[in-house]
Every structure is written in C-alpha cells, then in structure tokens.
Amino acid sequence: MSAPEAVVFVVGDELVDARRNDTVGPALARRLESIGCHVRSRSVLPDNVQAIVSALTQALAAEIDIVLIAGGLGPHEDDRTREAVAQSLGIELELDPKTLHRLEENYRDRGRDVPEGVRRQALRPRDAETLPSPSGTAPGFIVRRQRSLLVALPGAPREADESFTRGVLPLLRRSVAGGQTTATTVLRVAGLLAADVQRALAPVMPNSEAVRVNYLETGGEIELLLSARAQDPDEAQQQLEQVVANFESRLGGHVFARGKQSLTGVLAELLRARAWTLASAESCTGGLIGKRITDLSGASEFYVGGVITYSDEHKVRLLGVAEDTLERCGAVSAEVAASMAQGCRERLRAHVAVSVTGIAGPGGGSADKPVGLVYIGVALPDATRVARHTFGGERDAIRQWSATAALEEVRRALKDMDTLGQRVEPSEPATSLR
Ligand code: ATP
Ligand code: MG
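Residues numbered from 1 in each chain as written. Chains lettered and ligands numbered in written order. Predicted model: local features only at pLDDT ≥ 70, side-chain atom pairs only at ≥ 80, totals over all residues. Heavy atoms only, no water.

## Some thoughts on helix α4 (residues 81-89)
Where we set the bar: A simple rule labels every residue: compare its accessible area, found with a 1.4 Å probe on the protein chains alone, to the largest value its type can have, and call it buried under 20%, exposed over 50%, or partly exposed in between. Going along the chain from the N terminus, every DSSP run of H or I of four or more residues is numbered as a helix, and every run of E of two or more is numbered as a strand.
By the criterion of burial, α4 is predominantly enclosed, with seven of the nine residues buried. Every buried residue belonging to α4 is among T81, R82, A84, V85, A86, S88 and L89, and all of these are buried. One or two steps after α4, the chain reaches G90, where phi turns positive at roughly 70 degrees.

## Focus on the packing of helix α2 (residues 24-34) against helix α7 (residues 157-174)
This is how it is decided: Note on method: axes are straight lines fitted to C-alpha atoms, helices fitted across the in-contact stretch only, with angles between N-to-C directions ranging 0 to 180 degrees. An angle counts as roughly parallel when it lies under 35 degrees, as roughly antiparallel when it exceeds 145, as roughly perpendicular when it falls between 65 and 115, and as oblique in every other case. Two helices crossing with the near one rotated counterclockwise from the far one by less than a right angle form a left-handed crossing, whereas a clockwise rotation gives a right-handed crossing. Every residue pair with non-hydrogen atoms within 4.5 Å of one another is taken to be in contact. For this classification, Asp, Glu, Lys and Arg are treated as charged, while Ala, Val, Leu, Ile, Met, Phe, Trp, Tyr, Cys and Pro are nonpolar and the rest, including Gly, are polar.
Where α2 meets α7, the axes come as close as 11 Å, and the angle between the chain directions of the two elements is 20 degrees. It follows from the interaxial angle that α2 and α7 lie roughly parallel. The two elements α2 and α7 meet at a crossing, and its hand is right-handed. On the side of α2, the interface is formed by V24, L28, R31 and L32, while α7 contributes P157, A160, D161, F164, T165, L169 and L172. Split into classes, the residues belonging to the contact of α2 with α7 amount to eight nonpolar, one polar and two charged.

## With respect to the site of ligand 1
The cut-off we apply is this: What makes a residue near a molecule or strand is one non-hydrogen atom of that residue sitting within 4 Å of it. Within 3.5 Å is the distance limit for a polar contact, defined as a pair of N or O atoms, with the added protein rule that one can donate a hydrogen and the other accept it, and that residues adjacent in sequence qualify only through two side-chain atoms. Residue exposure ignores everything except the shown protein chains as possible cover, and the areas themselves are Shrake-Rupley values with a 1.4 Å probe. The way it works is a 1 Å grid over only the protein atoms, where trapped points that fit a 1.4 Å probe form a cavity and open points with protein on both sides within 12 Å along at least five of seven lines form a pocket, and then any residue with an atom within 4 Å of a point lines it. Put plainly, a molecule is in a cavity or pocket when over half of its atoms are within 2 Å of the grid points there.
Taken together, 17 residues lie around ligand 1, and E14, R20, D22, G72 and G74 are the ones closest in. G74 places a main-chain nitrogen or oxygen 2.8 Å from an oxygen atom of ligand 1. When isolated, ligand 1 has an accessible area of 610 Å², and the protein chains bury 78% of it. More than half of the atoms belonging to ligand 1 lie within 2 Å of the grid points that define the largest pocket. Of the residues contributing to the shell around ligand 1, the split by class is seven nonpolar, six polar and four charged.

## Observations concerning the sheet that holds strand β7 (residues 141-145)
Rules: By definition, two strands form a pair when at least two bridges between them are found by DSSP.
The six strands are arranged β2-β1-β3-β8-β7-β6 in an open sheet whose pairing can be described as mixed. At either margin of the open sheet sits one strand with a lone partner, and together these are β2 (38-45) and β6 (129-130). Relative to β2, strand β1 (residues 5-11) is paired through seven bridges, and the arrangement is parallel. Within β2, the position partnered with V8 by the bridge is R42. Sitting on the sheet, α4 touches β1, β3 (66-70), β7 and β8 (148-153), and the angle it makes with β7 is about 10 degrees.

## Let's talk about the side chain of R345
The condition that has to hold: His is not counted here, nor are the chain ends, while Lys and Arg score as positive and Asp and Glu score as negative. Only one rule defines a salt bridge in this text: a Lys or Arg side-chain nitrogen within 4 Å of an Asp or Glu carboxyl oxygen.
One can find R345 in helix α14 (residues 334-347). The charged side chain of R345 is buried without a salt bridge, its nearest counter-charge being E346 at 5.4 Å. A distance of 2.8 Å separates a polar side-chain atom of R345 from the backbone oxygen of H351. Setting aside residues no more than four positions away along its own chain, R345 makes contact with A350, H351, V352, A353, A379, L380 and P381.

## A closer look at the packing of aromatic side chains
Convention followed: For Phe, Tyr and Trp, rings pair up if their centres lie within 6.5 Å, where Trp contributes its six-membered ring, and each pair is then called stacked (planes under 30 degrees apart), edge-to-face (over 60) or tilted (otherwise). A ring has a charge above it when a Lys NZ or an Arg CZ is no more than 6 Å from the ring centre and no more than 35 degrees off the ring normal.
Tallied over the full model, the rule gives one aromatic pair. The lysine or arginine in question, R274, covers the ring of W276, its NZ or CZ lying 5.6 Å from the ring centre.

## Quick word on the layout of surface pockets
The line we're drawing: Grid points are joined across faces, edges and corners, and a volume is the space filled by probe spheres set on the points.
Counted as a void, the largest pocket has a volume near 660 Å³. When residues of the lining of the largest pocket are traced back to their parent elements, those giving at least two are β1, α1 (13-16), α5 (97-109) and α7. It is α5 that contributes the most residues to the lining of the largest pocket, three residues altogether. Looking at the lining of the largest pocket residue by residue, the class counts come to 13 nonpolar, 13 polar and eight charged. Put simply, the second largest pocket is a space of about 340 Å³. Put simply, the parts of the chain that give the lining of the second largest pocket at least two residues each are α2, β9 (181-190), β10 (211-218) and β11 (221-230). Top element by residues in the lining of the second largest pocket is β11. It accounts for four residues.

## Quick look at empty space enclosed by the protein
One pass over the full model with this rule turns up three cavities of 30 Å³ or more. In this structure, the largest cavity is lined by D96, T99, Q121, A122, L123, R124, T130, P139, G140 and F141. Of the residues contributing to the lining of the largest cavity, the split by class is four nonpolar, four polar and two charged. By volume, the second largest cavity is sized at about 40 Å³. Lining of the second largest cavity is provided by A3, G36, T182, E209, A210, R212, S227, A228 and R229. For the lining of the second largest cavity, the residue count by class is three nonpolar, three polar and three charged.

## Focus on the confidence of the model for the protein
For clarity, the cut-off: Known as pLDDT, the predictor's per-residue confidence is scaled from 0 to 100.
Summing up the model confidence of the protein, the mean pLDDT is 89 and the portion of residues at 70 or higher is 94%. Considering only residues more than four positions removed or in separate chains, one finds that residues 417-434, a stretch of pLDDT under 50, has 40 contacts.

## Overview of the pairing of strand β16 (residues 373-380)
Counting buried residues along β16, eight of its eight residues qualify, which places the element largely inside the surrounding structure. Going residue by residue along β16, you find L373, Y375, G377 and A379 tucked away on one face and V374, I376, V378 and L380 tucked away on the opposite face as well. Pairing geometry for strand β15 (residues 352-358) and β16, over six bridges, is antiparallel. Looking across to β16, one finds that T357 is bridged to Y375. One ladder, built from eight bridges, connects β16 with strand β17 (residues 383-390); its direction is antiparallel. The partner of L380 across the bridge, within β17, is A383. Between the end of β16 and the start of β17, which pair antiparallel, lie two residues.

As structure tokens, this is what we get:
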C-alpha cells in the first residue's frame, strides 16, 4: 500500500499578507509526515469563500486521501471555512444543537454575554463528525467524501494542535494508514556536498514504496530524513535500521550524528571526553565559527575564544604568521592556514585550534585561486592538518559551508579519521606539519 497523500490548507488574511507567520501549516505537515502520510502541498488561503471552495474542490477532485484545513471557524463574519466546505461538497450546513449548547454554556460560565456569531460556530456540514472541542472554542469536524477525508480544524495554533492530537491522529492511525506504523530517524551529514551524498547513496537507495528518504540541506549540513512503513512496529524499525546501516557504510565517517544532535554538540562531547579546549582563528568566516560554537550553551567549558584576522597585518601581529609566508604563498594558502592554526593554538593556549582562510567572493578570485577556495587548518598538540575545499554558491553560502567544514575538520581530526576534502601538504612544511 502506498503512503496516503495529504494536502494542508491554512485560512486567514493575516497569513496571506504575512502580518502573522503561519506556524500551524508546517506543524500539521510535520505531524502528518511523522505518521507516514505524504504531504503533497501546503497552502495559505484568504478568508474568502470562493478561494477556499476552489482550493478544496481541486483537492477533492484529485482524490487526495486527507484534506486538512485549519482556521476560519471563529464566530466572526470573516470566518467562512464552514460555508466553503459545505459548498465544495455540495451539502447543506446544519445546526449541531449539542455544540451550540456547549458553546453557550461556556460563555455563561465565564460570565460573558453569548455573542451573536455563536450559532455560526455550531453549524457544520451535514453528516460531519464533530471533533473534540479544545478549551471550549468552536470545534473542528471531519467529513468523509468517497476516497477523501476532509478535516477542518480551528486556526489558533494551540487549538489546532490539540484538536489534531485528540480528534484526528487516532483516526488517521486506524483508518488511513491502514493500521501500518512508521519508524523514522534522521542521519546528519557534514562535509559532503548534496550531489556527493546522492552519488554515494545511489547504489543502496531503497526502491520500496514503504521506505522514504528526504534530503534537507542547511548551512553546509545535510539531513537525511528516513522513514519506513510496515504492518508491525518491529518490522518497520528493522527496515529502517537496514537502510541506516547501508547509508552509514556508504558515507563513511561523514555521518556525525543520528537524531537531533548538532555538529557543535558532537564536537563538544569529543572535546569534553579529553578535557581539551578549542580556539579559532577566522578570516573569511568573520566570526561565524565562534558564533556557531557559542550557540551551544555550556560552550565555555571547552571554547576559550577566537580571533578574526581579516588583514594580513593582523595575521602577522595577532597570530605570528610569517610575513615571508604570506608574501610567498598568499593569504589563502595551506601554509597560512596551518600557521594561523598553530599561532592561535599557542597564543590562545588551547589544546586544539582551527583556522579558516579563503575567498568568499564575489570579487577577489583568480584562475588558480577561485572564489570558493577555502583552506582549513587544525592544529593539534603534535600535528597540524590542512584541508582544501572549493565551495560553490554565493558569498553567504560559501561562508556557511566554510564554518561547517571547519567544525567538521576538527571533529574528524579528533576522531582521527581521514580529513575531508583534498589533503594538501604545504610546499615547505614546518617541522610540526604533517
Ligand atoms: P478558529 O477556528 O480557531 O476560530 P480562526 O481563523 O477562525 O480560527 P482567528 O481569530 O482568525 O480564528 O485566529 C485565532 C488566532 O490564531 C489569531 O491570532 C490568528 O492570527 C492565529 N492563527 C490563525 N491561524 C494561524 C496559523 N496558521 N498560524 C499561526 N497563527 C494562526
Ligand atoms: Mg482566521
């Protein structure tokens, strides 16, 4: 059985013109995905009957299994989702006396007058099933139509979430997912480009409908979102583990974590395990590495600090890079990266130092030193490693990739694995270079 398909709509003029960010749509989409549904699309609709009818009609005509719509169930004139649902299904709205009674009670309990609009909130399409009402507000409802299940939820974030959890989730687990369960996990990869990951995984890519793989790329990291569906939870988990094992064997040491842990989090653990400290010397990343590290609370336990040496003069003055090396090799070179890392390690008195020097662009590139060329140095107590990377993209992307790659180089150095990127030996290695 293939994964049930879903579409998600949220309704509200304030969401269309972005006076308010839509938080409900993404949250619902994630929750649907987590139970093994495939979310085909997600859209924001205005408080306008015609627009809602047209969107719903299209989804129903496409026989989407689950059509979820959130918002526009309030007591106001502009809350039009009920009418739109009824119109798109070609059925009447009718009053649900129980809901009306409960809503009226709710106002009276709070010592408030019952507003006129309350009757509208108690209307629902004929044959609709009323969902449990969260915190006494207008309840959502479910209508079945041939293959599709149309679900209307309140729009306010907390109410939408509660209504989905209590009223929709149990039903979807039973009916739409055909009793199947889904096991999910995330593999986090650093230091490889998406294209390299895809190439590496091609031979072991599962070709079963029941197993899904999604890529998500952010700031130089790639998340592989994996899910496996089966009748039995153990079977789903087993399938998932098989995929994880295959992927890990193809990606070598580039998988730095499984689950939520960040690259800096993993690095922090490795450093703490040795009771080691880290320092940074940055040129083209202008402090991004320091920022990434200090995003982690508790970073002071292992991170001593960093310097931003953008000019050659400061590479010399603050880090002790030899003027001669700068002149001979240029600021963007393996030699300078190594010397920056070593100088940083000594002067900031850390066990490990990482350095970055590169050309973030858009200007400043040449034939032998193009934009995107970045050298990363890692100075350890008894060795210095340098990696050469060439990143594509705009300035910001190059800087983000560089910062991630720098953290990844430190992690790999600590794990004593092969460095990523092409390892280069400086032309005249200093004695401590290796
Ligand atoms: P309800 O059916 O819960 O009454 P509604 O759309 O009819 O929903 P509104 O008064 O428009 O009710 O929305 C309630 C609050 O929730 C408003 O502050 C609104 O901006 C916010 N809200 C509605 N939809 C979303 C959404 N998708 N994401 C974030 N906030 C939302
Ligand atoms: Mg609204």
